[in-house]
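Structure assessment
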There are 2 protein chains.
Amino acid sequence: MSELLNRIRRKSLHDRIRKVEEVIPLFKHGMNLGWSGFTPAGYPKAIPIALADYVEKNQLQGKMRFNLFIGASVGVETEDRWASLDMIDRRWPYQTGKNIQAGINEGRIRMGDKHLSMFAQDLGYGFYTKDNGGRLDIGIIECSAITEDGGLVLTASCGAVPEIVQIADRIIIEINTSIPNYEGLHDIIDPVNPPNRLPYLLSRVDDRAGSPYVRIDTDKIVAIVESQYPDNGRAFSEQDNTSEAIANNILDFFQFEVKEGRLPKNLLPLQSGVGSIANAVIGGLAKGPFSGLKVWTEVLQDTMLDLFDSGKLDFASTVSLSFSVDGFKRFYGNWEKYSNKVIMRPLSIANHPEPIRRLGCIAMNTPVEFDIYAHANSTLVGGTRMINGIGGSGDFLRNAYLSIMHTPSARPSKTDPTGITCVVPHVPHVDHTEHDLDVLVTEQGLADLRGLDPKSRAKLIIDKCAHPDYKPLLREYLEIATKECMARKAGHEPQLLDRVFKMQVNLAKNGTMKIANWDI
Amino acid sequence: MSELLNRIRRKSLHDRIRKVEEVIPLFKHGMNLGWSGFTPAGYPKAIPIALADYVEKNQLQGKMRFNLFIGASVGVETEDRWASLDMIDRRWPYQTGKNIQAGINEGRIRMGDKHLSMFAQDLGYGFYTKDNGGRLDIGIIECSAITEDGGLVLTASCGAVPEIVQIADRIIIEINTSIPNYEGLHDIIDPVNPPNRLPYLLSRVDDRAGSPYVRIDTDKIVAIVESQYPDNGRAFSEQDNTSEAIANNILDFFQFEVKEGRLPKNLLPLQSGVGSIANAVIGGLAKGPFSGLKVWTEVLQDTMLDLFDSGKLDFASTVSLSFSVDGFKRFYGNWEKYSNKVIMRPLSIANHPEPIRRLGCIAMNTPVEFDIYAHANSTLVGGTRMINGIGGSGDFLRNAYLSIMHTPSARPSKTDPTGITCVVPHVPHVDHTEHDLDVLVTEQGLADLRGLDPKSRAKLIIDKCAHPDYKPLLREYLEIATKECMARKAGHEPQLLDRVFKMQVNLAKNGTMKIANWDI
């Protein structure tokens, strides 16, 4: 308790300290809630867990449902448990967990996804809660501390907190006393709506343009609760041979671009997604020839600590620390060393096209699949089943200096070790268009698509990226489609609409995308 | 000649004045050329026409082919005539004309399209001419004048000139003495490559952040040619009942948004595309209740002069003046009145996400078609046949405060007056994703999609936007798809991949998208 009082430096707020069970009655069925948090870090835990316990104990499943607006995914012990207790009606813009995904794909949870930079601002504009006057009923924000003048010091992520506190009628703070005070790590720019916005004066990865605190109207704080739950850290993705081969293709490409004078020797600010390929790329950079590197991204994974330790990474800007439990221990155990080289920003800034394009980021993300003309599917397996959401991939891929997508060339189906090709004639759902992507990479090779027309792109993507099991089929498709479309004088980007998804239909029926032929 | 000398205020350049026939030998087969120009305005005419005459006269068809990089489309007497003479190998990023479109769709011309803001910067990065060291061989720039210190005063568009003159080895200037000197209308920011870029200090539509001239290395000027060709002005699109109904739906929506407090009374800076619907919207605004309007767009059409005359438009920022011949007469005849209310910018600035998002533009564009989940096809009829290119639609729709697409609900096929529905289950080519669009409009009604999950979007789009002839078919598709995908626990965004393009296939075979049923 004394640590809690120390953390709440604005003394007049001490009388708003409550036990977690005291805040439960504030929550009513149908409310719009905004939480802090981003890719399991910095999210409220004490209150969501207590609410879930309350619903479970009182058998209120389906009778206390909420609309959840959170920067991105949060720990499964919160949103996914809520889904299992039928506590979620709407959820924007990104999520993880088996129960929540089942709820979305079976039609019980209404999810929508939007580019994260736009989610934040559109939430602030009141677009998602139009029927509620553009307001959120309650914002729940995890904090490290509250300053003398009532500023919120956030924890391991910034998420959409600046927008949430602006439109929330009431705010509940969870002060997490089990982790260090993150004071000084954040750079918060107050959201201003058009037409009165000013430029964001960020020209370098380590520039600051805001405040280390989130400024709020403290009258809106209705309760402050102590929390000692740690973030449910992201499990570390193991590297594998395929990922290493992909990473090597990317690192070779970087060296070539430096040689050709199209990249500086220390590259450009890197954005890297999550997962084993991203880890392999960062691991490769730690051993590689480039130094003076900078990172401008959404999430820092454990491998980024290795990159700092290698001496090759100068500075990182991120929305969240998406470390494993061990990663957090390492970060906290070397606070001085790491914290001076990191700035955390809200997603409305970190993912904003303005700094991404100005800095000239190199964006790297993994799709579900891409097609021979360089459209990519990042969200819907089979074109219909939601995984997590588009997240920030579109923000970065649209605006980067170099937009790179990387994936294994094939994945196993239940019955065939290469039953799913990740290079298809036409992705069944498009999240990133041919107008957005520069480079596609698999363990087979790298296709540099800059300056190529669609048919030249298709040839190159099949040659460089497709798995050998699928090359003949894809070449045959391109040949038939080109012949038929040219004959109709409609062959800029040849497709056969009467059989374009034959591989996907075959997968559903026969467990593999290896079809016998392209006959209708 | 004396007017030409007056326009070239840097006297040391007078000895580079040449007759047009003298520059023909500078052009060699296979060269990479950059031209000024944007949506037929401000493009070079004397030299392209002379080159076409030369090729025709000497029967050099197919023996003098060039790669053409131009901000957007230029007059048919230039690029389209070049296409008819087989003078184009590659063409980026947007074009108009029957011959060039035939060449692209029959595989003789390699076209690629990219968001215009990225085309400009990627051209400057050397991405499109990697095999030529990132250089253009010759840049041909139409100018009004050359200043004392060698600055280029452009004419009726800015296009990609700043990037072209940076990477061109040689520059040829066409001074157009038949039109007024446009001095003072342009605001040119010198392109700087990452990582050394600074913010663009543009916070209002009428802000200036650059220079009225394009600064160049005058040593690169190898010839200056006089031109007296006028721009081949865009024909005025007649308004029709369908367009007026669409415009009324949009204007009603604006009034509602103002009432709800989500738009200021003078709206936000407007981006409006070309064509009859755009004209109807602008025409409606001239008669409507909003004043103090501002425009931040790519092209000004004739109706924008009416909007100025109505007293309701305060200021317009544009890339080009895309007037008809009569529109240009009106503009030139009232130079003082109009020119003080217009700034012209290069597409790397006008289309850049940074000002578009900061200003909070309202973007309005016409697609070929959209689907029930709000993906839109702007470029490829039937998913394969190129029309013009994506242009700046993605730049604006991705970054606007409100992203609106408008189209008639149905179009005639050869045999059926409503044989083509513009609301389909799945667009065969995606240029704009469900993550980008807020509002879809037809003459039937307006669907406000903000905050809706995909299945709710689909219901609303069918209800509000689809033509009555297609509503039952679309509802049936959604019902079957939802049932089938839900059963597979994959129903976030239901689709039937085995028959998703059945309407399009039927159109090709039977001349209408009205199918009997959804049976496979």
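Conventions adopted
- Residues numbered from 1 in each chain as written.
- Chains lettered and ligands numbered in written order.
- Predicted model: local features only at pLDDT ≥ 70, side-chain atom pairs only at ≥ 80, totals over all residues.
- Heavy atoms only, no water.
- UniProt positions renumbered as here; feature names shortened; annotations may be inferred.
- Helix = DSSP H or I, 4+ residues; strand = E, 2+ residues; numbered from the N terminus.
- Rg over C-alpha atoms; globule rule 2.2 N^0.38 Å.
- Buried < 20%, exposed > 50% of the residue type's maximum accessible area, 1.4 Å probe, protein only.
- Contact = heavy atoms within 4.5 Å.
- Areas by Shrake-Rupley, 256 points an atom, 1.4 Å probe, with all protein chains shown as cover.
- Lys, Arg positive; Asp, Glu negative; His and termini not counted.
- Charge placed at Lys NZ, Arg CZ, Asp CG, Glu CD.
- Least-squares fit on C-alpha atoms with pLDDT ≥ 70 in both.
- Pairing = 2+ DSSP bridges.
- Polar contact = N/O pair within 3.5 Å; in protein donor to acceptor, adjacent residues only side chain to side chain.
- Domains from an automatic or database assignment.
- Buried area = accessible area lost by both parts, 1.4 Å probe.
- Salt bridge = Lys/Arg side-chain N within 4 Å of Asp/Glu carboxyl O.
- Nonpolar A, V, L, I, M, F, W, Y, C, P; charged D, E, K, R; others polar.
- Phe/Tyr/Trp six-rings, centres within 6.5 Å; stacked < 30°, edge-to-face > 60°.
- Lys NZ or Arg CZ within 6 Å of the ring centre and 35° of its normal.
- Expected span 1.5 Å × (residues − 1).

An unreviewed UniProt entry annotates chain A as Acetyl-CoA hydrolase originating from Geobacter hydrogenophilus. For chain A, the Subcellular location (unreviewed entry) comment in UniProt is given as "Cytoplasm". A UniProt comment under Catalytic activity (unreviewed entry) is attached to chain A, and it reads "acetyl-CoA + H2O = acetate + CoA + H(+)".

Some details on the overall build of chain A
When you go through chain A residue by residue, the secondary structure sums to 18 helices and 25 strands. A globule of 520 residues ought to have a C-alpha radius of gyration of about 24 Å, and chain A, at 24 Å, matches this closely. The buried share of chain A, taken over its 520 residues, is 67%. Across chain A, the fraction of contacts at a sequence separation of at least 24, relative to all contacts at a separation of at least 6, is 72%. Approximately 16600 Å² of chain A is accessible, and the part contributed by carbon and sulfur atoms is 49%. Treating the 59 positive side-chain charges of chain A as one cloud and the 64 negative ones as another, the clouds have centres 2 Å apart.

Digging into the relation of the copies chain A and chain B
There are two copies of the chain, and a rotation about an axis plus a shift along that axis relates them. Of the two same-sequence chains, chain A is brought onto chain B (RMSD 0.0 Å, axial shift 0.0 Å) by a rotation of 180°. Taken together, these values place the two copies in the relation of a two-fold axis. When each C-alpha of chain A is compared by its distance to the rotation axis, glutamate 354 of chain A comes out closest, at 2.3 Å. Comparing contact sets, 100% of the residues at the interface of chain A also lie at the interface in chain B, consistent with an isologous, same-surface contact.

Considering the sheet that holds strand 17 (residues 376–377) of chain A
Residue and element names in this part refer to chain A. Pairing within the open sheet is mixed, and its 3 strands lie in the order 17-16-23. Two strands close off the open sheet at either side, each with one partner strand: strand 17 and strand 23 (423–424). Here 2 bridges tie strand 16 (residues 369–371) to strand 23, and the two strands are oriented parallel to one another. The residue of strand 23 that forms the bridge with phenylalanine 370 is valine 423.

What to know about the environment of serine 324 of chain A
Residue and element names in this part refer to chain A. Tracing the sequence through the fold places serine 324 in the loop between strand 13 (320–321) and helix 11 (325–333). Taking the relative accessible area as the measure of exposure, serine 324 reaches 11% and is therefore buried. Sequence separation between serine 324 and serine 237 is 87 residues, and the spatial gap between their C-alpha atoms is 9.8 Å. In this structure, serine 324 is in contact with Gly233, Arg234 and Asp302, ignoring residues within four places of it in sequence. At a separation of 2.5 Å, a polar atom in the side chain of serine 324 contacts the side chain of aspartate 302.

Observations regarding the domain arrangement of chain A
All names here are of chain A. Per the domain assignment, the segments making up chain A are domain 1 (2–227) and domain 2 (243–469). Distance from the C-alpha centre of domain 1 to the C-alpha centre of domain 2: 28 Å. With 44 residues of domain 1 at the contact, the number on the domain 2 side is 44 residues. Summed over both partners, the interface of domain 1 with domain 2 comes to about 3600 Å²; 63% of that surface belongs to carbon and sulfur atoms. Sorting the residues of domain 1 by area buried against domain 2 places Leu185, Tyr200 and Val205 first, and these three jointly supply 21% of that buried surface. Here domain 1 is connected to domain 2 by 1 salt bridge. The salt bridge involving arginine 345 is made with aspartate 187; its shortest N-O contact spans 3.3 Å. At the junction of domain 1 and domain 2, the tally comes to 23 residue pairs in polar contact (both at pLDDT 80 or more). Elements represented by at least two residues in the side of domain 1 that touches domain 2 include exactly helix 5 (98–105), helix 6 (116–124) and helix 7 (161–167).

Things to note about the environment of leucine 68 of chain A
Mapped onto the elements of the fold, leucine 68 of chain A is located in strand 2 (residues 66–70). The sequence separation of leucine 68 of chain A and serine 320 of chain A amounts to 252 residues, and the corresponding C-alpha distance is 19 Å.

Quick notes on the side chain of asparagine 176 of chain A
Residues and elements named next belong to chain A. Within the secondary structure layout, asparagine 176 lies in strand 7 (residues 168–176). When its relative accessible area of 1% is taken as the criterion, asparagine 176 is described as buried. At a separation of 2.9 Å, a polar atom in the side chain of asparagine 176 contacts the side chain of glutamate 142. Reaching out from asparagine 176, the side chain makes a polar contact with the backbone oxygen of tyrosine 229 at a distance of 2.8 Å. Once you skip the residues sitting within four places of it in the chain, asparagine 176 turns out to touch Arg7, Lys45, Glu142, Cys143, Ser227, Gln228 and Tyr229.

Some details on the interface of chain A and chain B
Contact residues are listed per partner, giving 88 residues for chain A and 88 residues for chain B. Buried area between chain A and chain B, both sides added, is near 7300 Å², and the carbon and sulfur share of it is 56%. If you sort the residues of chain A by the area they bury against chain B, Arg357, Arg398 and His435 of chain A come out on top, with a joint share of 12%. Here arginine 358 of chain A ties to glutamate 354 of chain B by a salt bridge, and the two come within 3.1 Å at their closest N and O atoms. For the side of chain A that touches chain B, the element with the most residues is helix 14 (residues 353–359) of chain A, which contributes 5 residues. Of the residues contributing to the side of chain A that touches chain B, the split by class is 36 nonpolar, 25 polar and 27 charged.

Description of the packing of aromatic side chains
Going through the model one piece at a time under the given rule, you end up with 45 aromatic pairs over all chains. Three or more aromatic residues joined by ring pairs make a cluster, and in this case those are Tyr182, Phe308, Phe323, Phe328, Phe331, Tyr332, Trp335 and Tyr338 of chain A. Above the plane of the ring of phenylalanine 127 of chain B lies arginine 450 of chain A, whose end atom (NZ or CZ) is 4.3 Å from the centre.

Brief notes about the UniProt feature "domain: Acetyl-CoA hydrolase/transferase C-terminal" (unreviewed entry) in chain A
In the numbering used here, UniProt assigns the feature "domain: Acetyl-CoA hydrolase/transferase C-terminal" (unreviewed entry) to residues 327–477 of chain A. Taken end to end, residues 327–477 of chain A comprises 32% helix and 22% strand; its first and last C-alpha atoms sit 47 Å apart.

Some thoughts on helix 6 (residues 116–124) of chain B
Of all the 9 residues making up helix 6 of chain B, 9 are buried; the element is thus mostly covered by neighbouring parts of the structure. Turning to helix 6 of chain B, its buried residues are Leu116, Ser117, Met118, Phe119, Ala120, Gln121, Asp122, Leu123 and Gly124 of chain B.

Section: the pattern of salt bridges
If you walk through the whole model with that rule in mind, you get 75 salt bridges over all chains. Between lysine 294 of chain A and aspartate 314 of chain A there is a salt bridge; the shortest N-O distance is 3.9 Å. Separated by 20 residues along the polypeptide, lysine 294 of chain A in strand 10 (residues 293–296) and aspartate 314 of chain A in strand 12 (residues 313–318) bring together distant segments of the chain. Since its relative accessible area comes to 38%, aspartate 314 of chain A is described here as partly exposed. The partner of glutamate 79 of chain B in a salt bridge is arginine 91 of chain B, and the shortest N-O contact between them spans 2.6 Å. With glutamate 79 of chain B in helix 4 (residues 76–84) and arginine 91 of chain B in strand 3 (residues 88–92), the pair connects residues that are 12 residues apart, well separated along the chain. A relative accessible area of 0% places arginine 91 of chain B in the buried class. Overlapping salt bridges bring together Lys130 of chain A together with Glu257, Arg262, Asp448 and Arg450 of chain B as one network.

What to know about the UniProt feature "domain: Acetyl-CoA hydrolase/transferase N-terminal" (unreviewed entry) in chain A
Sequence positions flagged by UniProt for "domain: Acetyl-CoA hydrolase/transferase N-terminal" (unreviewed entry) are, in local numbering, residues 15–226 of chain A. For residues 15–226 of chain A, the end-to-end C-alpha separation is 13 Å, with 23% helix and 21% strand making up the annotated structure.

Things to note about unusual backbone geometry
Proline 195 of chain A follows proline 194 of chain A through a cis peptide bond whose omega is 5°. Along the polypeptide, proline 195 of chain A turns up in the loop between strand 7 and strand 8 (221–227). Look at aspartate 86 of chain A: it is not a glycine, yet its phi comes out positive at around 50°. Tracing the chain through its elements places aspartate 86 of chain A in the loop between helix 4 (76–84) and strand 3 (88–92). Exposure remark for aspartate 86 of chain A: the relative accessible area of 27% places this residue in the partly exposed category. Of note in this structure, lysine 489 of chain B is not a glycine but carries a positive phi near 55°. Summarising the element assignment, lysine 489 of chain B is placed in the loop between helix 17 (471–487) and helix 18 (502–510).

Brief notes about helix 8 (residues 241–259) of chain B
Residue and element names in this part refer to chain B. Its 19 residues give helix 8 an end-to-end C-alpha distance of 27 Å, which sits within 8% of 27 Å, the value for a rise of 1.5 Å per residue. Taken as a whole, helix 8 has its buried residues at Ser243, Ile246, Ala247, Asn249, Ile250, Leu251, Phe253, Phe254 and Glu257. Residues of helix 8 that are buried sit in contact with strand 9 (270–272), helix 9 (276–287), strand 15 (362–365), strand 20 (402–406), strand 24 (439–441) and strand 25 (446–448). A positive phi of about 80° marks glycine 261, the residue just after helix 8.

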